[in-house]
Amino acid sequence: MKLRKPVWLFSMDSENFHAAPTTTGGLKAYYQRYSANPGDTDIQLLHFKDAAAIQAWLRADLDALLERCRSAIDAGVRPVAGFSFYTWNAAEFLELIRQLKAHCPGLLVVAGGPHVQQAEDYLYQDPIDVIILGEGETTLQQLLDEPAPGKWAGIDGLAFLNADGELHKTKPRERCIALDELPSALDVIPLTDANGKPIYDSISYETSRGCPFSCAFCEWGTGAIGTKMYQFSMARIERDWDKVIAAGIHNIWLA
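Every chain begins its residue count from 1, and numbering advances along the sequence as written. Local features in this predicted model are restricted to residues of pLDDT 70 or higher, and side-chain atom pairs are both shown and tallied only at a pLDDT of 80 or more, whereas totals for entire chains, interfaces and linings draw on every residue. Calculated side-chain values reflect all of the structure's heavy atoms, with hydrogen atoms and water omitted.

Visitor: Any chance you could explain the packing of helix α2 (residues 51-74) against helix α3 (residues 90-103) here in plain terms?
Guide: The relative placement of two packed helices comes down to the angle between their axes together with the axis-to-axis distance. To define axes, lines are fitted to C-alpha atoms, for helices over the stretch in contact only, and angles between the resulting N-to-C directions are given on a 0 to 180 degree scale. A helix here means a DSSP run of H or I that spans at least four residues, while a strand means a run of E at least two residues long, and both kinds are numbered starting from the N terminus. Taken N-terminus to C-terminus, the directions of α2 and α3 make an angle of 30°; their axes are 11 Å apart at the nearest point. The angle between α2 and α3 places the two elements in the roughly parallel class. Judged by the sense of rotation from one axis to the other, the crossing of α2 with α3 is right-handed. On α3, the residues touching A51, I54, W57, L58, L62, L65, L66 and R70 of α2 are E92, F93, L96, Q99, L100 and H103. Class assignment for the residues of the contact of α2 with α3 results in 10 nonpolar, two polar and two charged. Throughout, the term roughly parallel applies to angles under 35 degrees, roughly antiparallel to angles over 145, roughly perpendicular to angles from 65 to 115, and oblique to all others. Should the near helix be turned counterclockwise from the far one by less than a right angle, the crossing is left-handed, whereas a clockwise turn marks it as right-handed. Contacts: residue pairs with any heavy atoms within 4.5 Å of one another. Charged means Asp, Glu, Lys or Arg here, nonpolar means Ala, Val, Leu, Ile, Met, Phe, Trp, Tyr, Cys or Pro, and polar covers whatever is left, Gly included.

Visitor: Would you mind showing me how to read the side chain of D240 here?
Guide: The residue D240 is located in helix α6 (residues 234-247) in this model. Apart from the residues lying within four places of it in its own chain, the contact partners of D240 are S184, L186 and Y205.

Visitor: Just checking my understanding: could you explain the pattern of salt bridges for this structure?
Guide: Two side chains carrying opposite charge are able to pair once their charged atoms lie near each other. Here, a salt bridge means any side-chain nitrogen of Lys or Arg that lies within 4 Å of a carboxyl oxygen of Asp or Glu. On inspection of all chains with the given rule, the structure shows 11 salt bridges. The residue E120 makes a salt bridge to K169 at a minimum N-O spacing of 3.8 Å. Of the two residues, E120 is situated in helix α4 (residues 120-123) and K169 in strand β7 (residues 167-169); the sequence distance between them amounts to 49 residues. Per-residue accessibility, obtained with a 1.4 Å probe over protein chains only, is compared with the maximum for each type, and a residue is labelled buried under 20%, exposed over 50%, and partly exposed between these values. A residue is classified by how much of its surface remains accessible, and E120, at 28% relative accessible area, is partly exposed. One salt-bridge network, held together by shared partners, links E135, E137, E206 and R209.

Next comes the structure, spelled out in structure tokens:
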């Protein structure tokens, strides 16, 4: 039986905000819908409440992850670890990446999110292999379907170091305009436990994309996702919010 490529997508809450992993959940949902061979890849979402939760996971589950990494590499399949970077988790994730790479150098490390959009600041000094620029759903799907570095130049929205150690950025990824074409993260994220109790206190929910402002402190505001705003449909929002309410999650943060 063919070994499925292991992919781990990491996310972490900010302090005092325990929310469902809608960012990485959206990436997984998109891959499952639009990949040509979704059954060849096993995507796991690893979501941490805080830095202490990362340390607990390292003690309990690191060995199992590394064993899967090595088994995949031995079978000629490159495992992937993707990280959703924000200001509040950057230090913790960079340290985690260093540990993973030290134990499994063949692991492909992919970074995305607002904190790493200045790609050269990270590719030159950190063990990150490739950075996704702007919206990540289509870019990650194409990267997972074709992870060989020799093919990266044909994937829009990537930054990486070429064979000569020089920074290479591919053509910018065009923004998604018809947002309802993006499957909902709630299609793949469990919101309740086995007893029907809500797993999360809150959820950060995206009703639109884009920002008309240009705040200097915000990477999105400097143009990473564009200044024109696009909306999800009210029918889509209603379907998702029905799931959130049914799960018993009380706090919805609009993003």
